[in-house]
Every structure is written in structure tokens, then in C-alpha cells.
Amino acid sequence: MPEYTFQKYLSKFNPFLERSLTDGMAKAQVNGHEATSLAHWLFEILSEKESDISLSLAHQDLNRGQVLHELNQYLEGRPIVSAPDPALHQNLIDAGKNAWDVCSLHFSESTIRSGHVLLGALDDLKLNPILGRYSRELGKLSTDLLLSAGTKAWEGSVETPTPIELAVPNTPKGAGPSLADPKSRSEERRVRKKSRSR
């Protein structure tokens, strides 16, 4: 799937997922990597301890810190090519497409969250083995357990839609992750923390 086609899935990401992709792209560029891979994206998602994927690990008694350590080791071992503008790796593009399938077909939702990315990768014959190569701990995740738990495994996630987001689905976004507004992201975090404290 060409990179330009990925844009239509990007428009379905929740704010956290879009922000984590932006950070993953920046990490790939700073590290001199040729492409932003699924590993870069997962590292940024798991850096938030209350993301869907972090909570999925906790739900199955797996060690998030160990996964982050193993992901970082994997990324540090990638060749340095000093690409000025890293492309999106095919495994990341495939993960985005699969996430939309999980989101729309399995959960009947219109906004992609990182839990959908995880389930789509675990259920993919090409991506599933890649997760295990990134991290042995991550490779222990059970698709069946996640599916049976449903969104219960993600209770308390920073990705849980706010009442405003639920009322106005598919709100138009900018042209891409690099255009995200830091002030908007800060305000979003403030609102989420306030809503969780009630």
C-alpha cells in the first residue's frame, strides 16, 4: 500500500495515536534511520503508561518496562543512514490499514486507537512475528485474551474518547502528524486529566 494511501487512515487516528506517530517519526530522524517503522511507533505508544497497549500488557501481567527496553535495544541496532526525511516503513503502513479494519469491522467504531493497532498487528501473519523480534515480552501477548476482554482491558486509558469526541466523531484534522499543534495537545491532556479526576 503506497504511503500516500496511508493518509486516509491517518485521518482516523485519535489525537494520542497521531501524536505518538509524530514522535516516532522524530525519533527515526534523530537516530538517523532510513524509515519510521512499527517499532518506532510502538516505543512512543508504550512510553505512555496509560495507553491502550500499555494497559493490554498489564491486563496479561506482562512487563511494559521490559518491552520498552527491548524495543530500544532493537532500534539502537538499526543501521544509521542519516536520512533527512525518513519514509514510512511498510510494516507501519500495514499496521495502520489493519487497525482501521479492526476498528471499523470488529468494534464498529470510527476512530482508531492503539489497541486497534495492536490487535491488527497480532492478527497479521507478517506483522505478528515481527512483534516477537522487536521484543520477546511483547510477543507473549495473546490475541484471544485481548479479544475476549474487549475494551475492558483499556479502562482508564488516555485514549478513551471524551464526551465531546463522542458527540462529534471524525472531526477533520490537519494535513498530517507534523502539523499537530503543541498548544492543542497540552489542552487535550489537561481536559483528560480533569475528566479522570472526577
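### Let's talk about the confidence of the model for the protein
So, step 1. Per-residue confidence for the protein gives a mean pLDDT of 85, with 81% of residues at or over 70.
So, step 2. Residue range residues 171-198 is modelled with pLDDT below 50. Its contacts to residues more than four positions away, or to other chains, number 31 contacts.

### Looking at the packing of helix H6 (residues 90-106) against helix H8 (residues 127-134)
So, step 1. Interaxial distance between H6 and H8 falls to 11 Å at its minimum, and their mutual angle equals 125°. Judged on the interaxial angle alone, H8 and H6 are oblique. In this structure, the crossing between H6 and H8 has a hand that is left-handed. Residues Asn 91, Asp 94, Ala 95 and Asn 98 of H6 form the contact with H8, whose participating residues are Leu 127, Ile 130 and Tyr 134.
So, step 2. Classifying every residue of the contact of H6 with H8 by side-chain character gives 4 nonpolar, 2 polar and 1 charged.

### Some remarks on the environment of Glu 50
So, step 1. Structurally, Glu 50 can be placed in the loop between helix H3 (38-46) and helix H4 (52-59).
So, step 2. Glu 50 sits in the partly exposed class, given a relative accessible area of 27%.
So, step 3. In this structure, the C-alpha to C-alpha distance between Glu 50 and Gly 156, residues 106 residues apart in sequence, is 7.0 Å.

### Thoughts on the pattern of salt bridges
So, step 1. Tallied over the entire structure, the rule returns 3 salt bridges.
So, step 2. Between Lys 97 and Asp 101 there is a salt bridge whose closest N-O contact spans 2.8 Å. Placement of both Lys 97 and Asp 101 in helix H6 is noted, with a separation of 4 residues, approximately one turn of the helix.
So, step 3. By relative accessible area, which is 25% here, Asp 101 ends up partly exposed.
So, step 4. As a salt-bridge pair, Lys 140 and Glu 137 come within 3.1 Å of each other at their nearest N and O atoms.

### So, H8
So, step 1. When we look at burial in H8, the residues that qualify are Leu 127, Ile 130, Leu 131 and Tyr 134. Buried residues along H8 cover an arc of 105° about the axis, so they all sit on one side.
So, step 2. Buried-residue contacts for H8 involve H3, helix H5 (64-76), H6 and helix H7 (114-122).

Rules used in this analysis
Residues numbered from 1 in each chain as written. Predicted model: local features only at pLDDT ≥ 70, side-chain atom pairs only at ≥ 80, totals over all residues. Heavy atoms only, no water. pLDDT = per-residue confidence, 0-100. Contact = heavy atoms within 4.5 Å. Axes fitted to C-alpha atoms, helices over the stretch in contact; angles between N-to-C directions. Helix = DSSP H or I, 4+ residues; strand = E, 2+ residues; numbered from the N terminus. Parallel < 35°, antiparallel > 145°, perpendicular 65-115°, else oblique. Left-handed = near helix turned anticlockwise from the far one by under 90°. Nonpolar A, V, L, I, M, F, W, Y, C, P; charged D, E, K, R; others polar. Buried < 20%, exposed > 50% of the residue type's maximum accessible area, 1.4 Å probe, protein only. Salt bridge = Lys/Arg side-chain N within 4 Å of Asp/Glu carboxyl O. Arc of directions from axis to C-beta.

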